[in-house]
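# An overview of the molecular structure
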Amino acid sequence: SQQGEEDPQALSIQEGENATMNCSYKTSINNLQWYRQNSGRGLVHLILIRSNEREKHSGRLRVTLDTSKKSSSLLITASRAADTASYFCATDNRRNTPLVFGKGTRLSVIA
Amino acid sequence: DAGVIQSPRHEVTEMGQEVTLRCKPISGHDYLFWYRQTMMRGLELLIYFNNNVPIDDSGMPEDRFSAKMPNASFSTLKIQPSEPRDSAVYFCASSFGGRGQPQHFGDGTRLSIL
């Protein structure tokens, strides 16, 4: 069953703009992770944020986590055409089960 | 370092045939996961192993699907007999140290059943 739900399903922006994607989940978590999937490739892990963290940065990526609202956001700053991909959130819930992935946000960055 | 290696990358076969997908996880990883991805259903977990032992196969859609992990460096997912609705991209992923740790994915096998 799906735990994370990404929003929006699809996003199209111009190169240089910022892209924000959101993820909502239902049960308590140990951590939340974001992955990227380029067309025809496997998912690639981007960043992990633990339940006791509120914000994390990695290069042009900024992830926030609000456990009271059961939501997370992924911000990509100064987007590039190479950022075009699908982005998935995945939750490590406290039921001792594997990661549960959402259906993803398809990001298109237009040069 | 070598990532997760899957073979074949593409498979086209006729319904009723046996299909075997292969995966070599990252050396030292103790968890291995098999997923299926379709536009309609997204990424579905089929089965996962810990230290070569199947832990949860509740995602395997039917008895036509089976998976094995004879050793730490090799796993197979078999479909017999195959049906057109099995057409999808199948991914293998591995991780180290826990169910909730970051997973490393192969580039998948695109399976088409005619």
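Now for a description of the structure that goes with this document. Counting restarts for each chain: residues are numbered from 1 in the order of the written sequence. As they are written, the chains are lettered A onward and the ligands numbered 1 onward, keeping that order. Predicted model: local features are reported for residues with pLDDT of at least 70 only, side-chain atom pairs are reported and counted for 80 or more only, and whole-chain, interface and lining totals are derived from all residues. With hydrogens and water excluded, all non-hydrogen atoms of the structure serve as input to the side-chain values.

### Digging into the pairing of strand β11 (residues 105-110) of chain A
Consecutive residues of a regular strand have side chains that alternate between opposite faces of the sheet. Residue and element names in this part refer to chain A. In plain terms, the rule: Accessible area is worked out with a 1.4 Å probe on protein chains only. A residue is then buried under 20% of its type maximum, exposed over 50%, and partly exposed in between. Only DSSP runs of H or I reaching four residues or more are called helices, and only runs of E reaching two or more are called strands; each is numbered from the N terminus. Strands pair, by our definition, only if DSSP identifies at least two bridges between them.
Side chains Thr105, Leu107 and Val109 of β11 all project onto a buried face; the interleaved residues Arg106, Ser108 and Ile110 project onto a face where none is buried. Pairing geometry for strand β2 (residues 10-14) and β11, over five bridges, is parallel. Opposite Ser12, over in β11, you have Ser108 as the bridge partner. Pairing between strand β9 (residues 85-93) and β11: three bridges, direction antiparallel.

### Topic: the interface of chain B and chain A
As a reminder of what qualifies: Any two residues whose heavy atoms approach within 4.5 Å at even a single point are treated as in contact. Two parts placed together each lose some accessible area; with a 1.4 Å probe, that loss summed over both constitutes the buried area. Salt bridge, as used here: a side-chain nitrogen of Lys or Arg that lies within 4 Å of a carboxyl oxygen of Asp or Glu. Counting of polar contacts relies on pairs of N or O atoms within 3.5 Å, with two restrictions inside protein: one atom must be capable of donating a hydrogen and the other of accepting it, and residues adjacent in sequence are counted only when both atoms are side-chain atoms.
Counting residues at the interface gives 18 residues for chain B, matched by 19 residues for chain A. Across the chain B to chain A interface the summed buried area is about 1500 Å²; carbon plus sulfur atoms make up 52%. Linking chain B to chain A there are one salt bridge. In this structure, the salt-bridge partner of Asp107 of chain B is Arg41 of chain A, at a minimum N-O distance of 2.9 Å. In this assembly, chain B and chain A are joined by eight residue pairs in polar contact (both at pLDDT 80 or more).

### Points about the sheet that holds strand β8 (residues 74-79) of chain B
All names here are of chain B. Our working definition: Here an angle of 0 to 180 degrees is reported between the N-to-C directions of two axes, which are lines fitted to C-alpha atoms, with helices fitted over the stretch in contact.
The four strands are arranged β1-β3-β8-β7 in an open sheet whose pairing can be described as antiparallel. If you trace the sheet from one side to the other, it starts and ends with β1 (5-7) and β7 (65-71), each paired once. Adjacent strand axes in the sheet meet at a mean angle of 15 degrees, parallel and antiparallel pairs treated alike. Pairing of strand β3 (residues 19-24) with β8, which is carried by five bridges, proceeds in the antiparallel orientation. Following the sheet pairing, Val19 is matched in β8 by Ile79.

Functional significance is not addressed by these values, which are geometric in nature.
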